[in-house]
Amino acid sequence: MAKLRKIRRRKLRLNAFAFLFFSLSLLSLLACSLFVGTMNTSLTMKIQNMNNEISQLKAENAKLSIEICGLENKDRVYVIAQDAGLNQNQDNIISIQGVE
């Protein structure tokens, strides 16, 4: 009978070890899922912030491109030159033809 008690104790210890291992595995699974969920939310927020910043910079670039087109207008340059007291001398204008 003594041998039967030792075998039962070993099975009980093995079951307790299995239960402890399963419990720790379950707790670590929950902790990892919470950590991954938090990281996923954080990365999603960063992506949204970057997309907002990109769209703002694209809008600013479009505004600056329109402003550049307005500033390099030939008529505007002539008006500023006339206001500065400069005049247009037709003898100094040279036209260059592009090579085709």
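Residues numbered from 1 in each chain as written. Predicted model: local features only at pLDDT ≥ 70, side-chain atom pairs only at ≥ 80, totals over all residues. Heavy atoms only, no water.

**Q** Hey, could you go over the overall build of the protein for me, with residue numbers and the actual values?
**A** The helix and strand inventory of the protein stands at two helices and zero strands. Looking at the 100 residues of the protein, the share that counts as buried comes to 0%. Working note: accessible area of the protein is about 10,200 Å², and carbon and sulfur atoms make up 63% of it. (Helix = DSSP H or I, 4+ residues; strand = E, 2+ residues; numbered from the N terminus. Buried < 20%, exposed > 50% of the residue type's maximum accessible area, 1.4 Å probe, protein only. Areas by Shrake-Rupley, 256 points an atom, 1.4 Å probe, with all protein chains shown as cover.)

**Q** Tell me about a nonpolar patch on the surface, residues and numbers included.
**A** The grouping of Leu20, Phe22, Leu24, Leu26, Leu27, Leu29 and Leu30 at the surface amounts to a nonpolar patch, some 730 Å² of accessible area in total. If you trace the backbone, Leu24 turns up in helix α1 (residues 2-71). (Patch = residues over 30% accessible without salt bridge, like charges linked within 9 Å, V, L, I, M, F, W, Y side chains within 5 Å. Salt bridge = Lys/Arg side-chain N within 4 Å of Asp/Glu carboxyl O.)

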